[in-house]
Amino acid sequence: MNHRLHGPLTDVAEDAGYADPPERAGFFTDTSVCIGCKACEVACKEWNAIPDDGFALTGMSYDNTGALGASTWRHVAFVEQSKPREVDDGAGSSRWLMASDVCKHCTHAACLDVCPTGALFRTEFATVVVQQDICNGCAYCVSACPYGVIDRREGDGRAWKCTMCYDRLGDGMEPACAKACPTDSIQYGPLDELRERAKERLGDLHDQGVTEARLYGEDENDGVGGDGAFFLLLDEPEVYGLPPDPVVTTRDLTAMWKWAGGAAAALVGCAAVSFLGRR
Amino acid sequence: MPRPGGEERMVPRAEFQSYYGRPILKRPRWKAPHMPGYLYLGGLSGAAATMAALADATGRERLSLTGRLTAATAAVAGSALLIAELGRPERFLHMLRVFKPTSPMSVGSWVLAAHGGLTGAAAASAVTGIAPPLGRAAGVGAALTGPVLATYTGVLIADTAVPAWHEGYRHLPLLFAGSALASAGAAAMAFAPPEEAGPARRMAVLGAGLELAAAGTLEHGTGMREHPELISEPYRTGRAGTLLRAARWLTAAGAAGTLVAGRSRTTAVLSGLALTGGALCTRFGVFHAGLVSAEDPRYTVVPQRARRSTGA
């Protein structure tokens, strides 16, 4: 067991046991060009044959999807803000932020670490996928994900999430959401290339005076070792419903077992002490 | 600001941003009474098996029999709750298709399988009188798996993104160890003859003390790294707070009753019931605190935001 539980990791697929894997696949979602059309949500549903997730209206914004879930693998967040913009381009004092959220395919994926059946696995593209013939619906992954992505589907009983269209990647095709995105807000490709492209885009935006632009999930030194799906955002992550500084829970696993070992020893000690004496 | 039915809020309302107040984390899909019931039964079975082996070694036959039966029954009932908790119960054997050290649930499944087999064998031997040496050996084995079964559940729920559970990883195993000792002691002093149950009574009192001490530190966030008062808040407020306060009173009353019970069976049974009630309230309280902690984005955003701005 030499698998790393946290920290930067350049050979994610090799670490999972692949001898000669392809380049790590990733998503770069540039929210500065997202127009909120939700073509990604529809394409994802169509390609992956995902059932509906209810037809309720949230009443809060144009976002009636609400959140990622067992039957929602792309979710377009819609944020309406009335605070002053840092660049006055005559558009007034309110703005709309749109962002297509997705599974982050973490370098250190808590869902995968805690899965007791091996249903969740690392693919040769270094993405994280659920094997539906193995999952027994224990729901550990649901509580382990620091982004609140994966969920158990009611009525089906198994856990579901984005596969980054594993079935398409094998045939050299890009995932359905990226294919459908009309503005290239969702970009698919080798993760290293995407990170370079994102840095250039960030530099361009900063040069244009969009100082609030920042990357999210691109840093391999973050709490999950960097995301396979990362973002360019125009506000703090929590505004989009993303955790500001997620950490893979298994980072502390060794410490947890030490405390449990101490507690088990205390249990034995207390029980043994109780048997001292004659009655 | 005092609120009806709750303690004074010690943490000022932190300013934070969120996406329309929606949760960031998913609400745990684990449900009551299954999950907290399993936490209780696993602890009961583990500590009872340890007690039974010690009773065996010190020649307390009736106490040993009580311990073996309690351990086996609780292991079976706990396993049933776990299986019923699955989204696909018919696939429960998938738990044993791999052994994954990174998954506390995988480790726990193997421990529970071993413990269930050993306690079952020990109990069957004691009841039927068949192969006492093998029964005794199984009992010794169960005394090794028992303490692990009673405490790994702390790791099980701490190894999640749920702030109140994760940050409680130092407290939860000790809390469950104490609670397990109290539960097993309570069951034994209710069912075993008083003249043999002295160790069970002492175990119950020691366990109750450990449970109260660990619960106190958990509820106040002692030793938590970031925002201890905020992250431990779900343990003090709402339904979880009520349950944990009830647990405190029941456990304290049960321990006090045990101390004065002596050979009075009635007092022993009543004290045992109070301790059992306390242990159950502890598990349900911890469970509900986790649900609240996952559903309110404040508990996710505020500590992470602080961590980011300090660069820690």
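Reading the values: rules and limits
- Residues numbered from 1 in each chain as written.
- Chains lettered and ligands numbered in written order.
- Predicted model: local features only at pLDDT ≥ 70, side-chain atom pairs only at ≥ 80, totals over all residues.
- Heavy atoms only, no water.
- Helix = DSSP H or I, 4+ residues; strand = E, 2+ residues; numbered from the N terminus.
- Buried < 20%, exposed > 50% of the residue type's maximum accessible area, 1.4 Å probe, protein only.
- Contact = heavy atoms within 4.5 Å.
- Areas by Shrake-Rupley, 256 points an atom, 1.4 Å probe, with all protein chains shown as cover.
- Lys, Arg positive; Asp, Glu negative; His and termini not counted.
- Charge placed at Lys NZ, Arg CZ, Asp CG, Glu CD.
- Rg over C-alpha atoms; globule rule 2.2 N^0.38 Å.
- Buried area = accessible area lost by both parts, 1.4 Å probe.
- Salt bridge = Lys/Arg side-chain N within 4 Å of Asp/Glu carboxyl O.
- Nonpolar A, V, L, I, M, F, W, Y, C, P; charged D, E, K, R; others polar.
- Pairing = 2+ DSSP bridges.
- Axes fitted to C-alpha atoms, helices over the stretch in contact; angles between N-to-C directions.
- Parallel < 35°, antiparallel > 145°, perpendicular 65-115°, else oblique.
- Left-handed = near helix turned anticlockwise from the far one by under 90°.

On to the overall build of chain A. A count of helices and strands for chain A gives 8 helices and 10 strands. Counting the 279 residues in chain A, one finds 58% classified as buried. Of the contacts formed within chain A by residues at least 6 apart in sequence, a portion of 63% connects residues at least 24 apart. For chain A, the exposed area adds up to about 11,400 Å²; of that, 51% sits on carbon and sulfur atoms. With 25 positive and 43 negative side-chain charges, chain A shows a spacing of 8 Å between the two charge centroids.

What follows concerns the overall build of chain B. Across its full length, chain B carries 12 helices and 0 strands. In chain B, the succession of α and β elements from N to C terminus is α-α-α-α-α-α-α-α-α-α-α-α. Its C-alpha atoms give chain B a radius of gyration of 20 Å, within 12% of the compact-globule value 20 Å for 312 residues. Principal axes of the C-alpha set define a box for chain B whose edges measure 65 × 50 × 30 Å. Out of the 312 residues belonging to chain B, those deemed buried represent 58%. Restricting the contact set of chain B to residue pairs at least 6 apart, pairs at least 24 apart contribute 75%. By element, 67% of the accessible surface of chain B is carried by carbon and sulfur atoms, the whole surface being about 11,600 Å². With 31 positive and 18 negative side-chain charges, chain B shows a spacing of 4 Å between the two charge centroids.

Counting from both sides, the interface comprises 71 residues of chain B and, opposite them, 84 residues of chain A. Buried area between chain B and chain A, summed over both chains or domains, comes out near 6,500 Å², and the portion from carbon and sulfur atoms is 59%. When residues of chain B are sorted by the area they lose upon contact with chain A, Tyr-19, Lys-26 and Arg-29 of chain B head the list and together hold 14% of the total. Between chain B and chain A we count 7 salt bridges in total. Residue Glu-238 of chain A pairs with Arg-305 of chain B through a salt bridge whose shortest N-O separation is 2.7 Å. Every element with two or more residues in the side of chain B that touches chain A is listed here: helix 1 (34-57), helix 2 (61-85), helix 3 (104-128), helix 4 (132-158), helix 6 (172-191), helix 7 (198-219) and helix 12 (297-310) of chain B. Examining the composition of the side of chain B that touches chain A, we find that 7 residues originate from one element, helix 4 of chain B, more than from any other. Each residue belonging to the side of chain B that touches chain A can be placed in one class, and the counts come to 37 nonpolar, 15 polar and 19 charged.

Residues and elements named next belong to chain B. Of note, the bond from Ala-32 into Pro-33 is cis; its omega dihedral lies within 30 degrees of zero at 5°. In this structure, Tyr-20 is a non-glycine residue whose phi angle is positive, near 55°. Along the chain, Tyr-20 falls in the segment before helix 1. Accessibility expressed as a relative area gives 32% for Tyr-20, which makes it partly exposed.

Let us look at the pattern of salt bridges. Once the charged atoms of two side chains with opposite charge are near each other, the side chains can pair. With the rule as written, the count across this model stands at 24 salt bridges over all chains. For Arg-251 of chain A, the salt bridge is made with Asp-252 of chain A, and the minimal N-O distance between the two is 3.3 Å. Take Arg-251 of chain A: its relative accessible area is 33%, and that puts it in the partly exposed class. Here Asp-252 of chain A falls in the buried class, since its relative accessible area comes to 7%. Measuring nitrogen to oxygen at the nearest pair gives 3.0 Å for the salt bridge that ties Glu-226 of chain B to Arg-307 of chain B.

Relative to the elements of secondary structure, Phe-284 of chain B occurs in helix 11 (residues 265-295). Along the chain, Phe-284 of chain B and Arg-298 of chain B lie 14 residues apart, while their C-alpha atoms are 22 Å from each other.

A separate point is the sheet that holds strand 9 (residues 214-216) of chain A. Residues and elements named next belong to chain A. Pairing is mixed across the open sheet formed by 4 strands, whose spatial order is 8-1-10-9. This sheet does not close on itself; its edge strands, each paired only once, are strand 8 (186-190) and strand 9. Averaged over all pairs of adjacent strands, the angle between strand axes in this sheet comes to 20°, irrespective of strand direction. Where strand 1 (residues 25-30) meets strand 10 (residues 229-233), 4 bridges bridge the pair, whose relative direction is parallel.

Turning to the pairing of strand 10 of chain A, a few remarks are in order. All names here are of chain A. Among the 5 residues of strand 10, 5 are classified as buried, and the element is accordingly described as predominantly covered. Of the two faces of strand 10, the one lined by Ala-229, Phe-231 and Leu-233 and the one lined by Phe-230 and Leu-232 are each fully buried. Bridge count for strand 9 against strand 10 is 3 bridges, and the pairing is antiparallel. Paired with Tyr-216 across the strands is Phe-231, a residue of strand 10.

This next bit is on the packing of helix 8 (residues 253-274) of chain A against helix 1 of chain B. Between two packed helices, the angle of one axis relative to the other and the distance separating the axes together describe the packing. Running from amino to carboxyl end, helix 8 of chain A crosses helix 1 of chain B at an angle of 40°, the nearest separation of the two axes being 10 Å. As judged from the angle between their axes, helix 8 of chain A and helix 1 of chain B are oblique. As for how helix 8 of chain A packs across helix 1 of chain B, the hand of that crossing is right-handed. Listed contacts from helix 1 of chain B to Leu-267, Ala-271 and Ala-272 of chain A of helix 8 of chain A are Ala-47, Thr-50 and Leu-54 of chain B. Split by residue class, the contact of helix 8 of chain A with helix 1 of chain B holds 5 nonpolar, 1 polar and no charged.

Moving on, we come to the side chain of Arg-168 of chain A. Residue and element names in this part refer to chain A. As for its position among the elements, Arg-168 is in helix 5 (residues 166-169). Notably, Arg-168 is buried but unbridged: the nearest opposite-charge side chain belongs to Asp-167, and the N-O separation is 6.1 Å. The contacts of Arg-168, once residues within four sequence positions are left out, are Trp-47, Met-173, Glu-174, Pro-175, Ala-176 and Lys-179.

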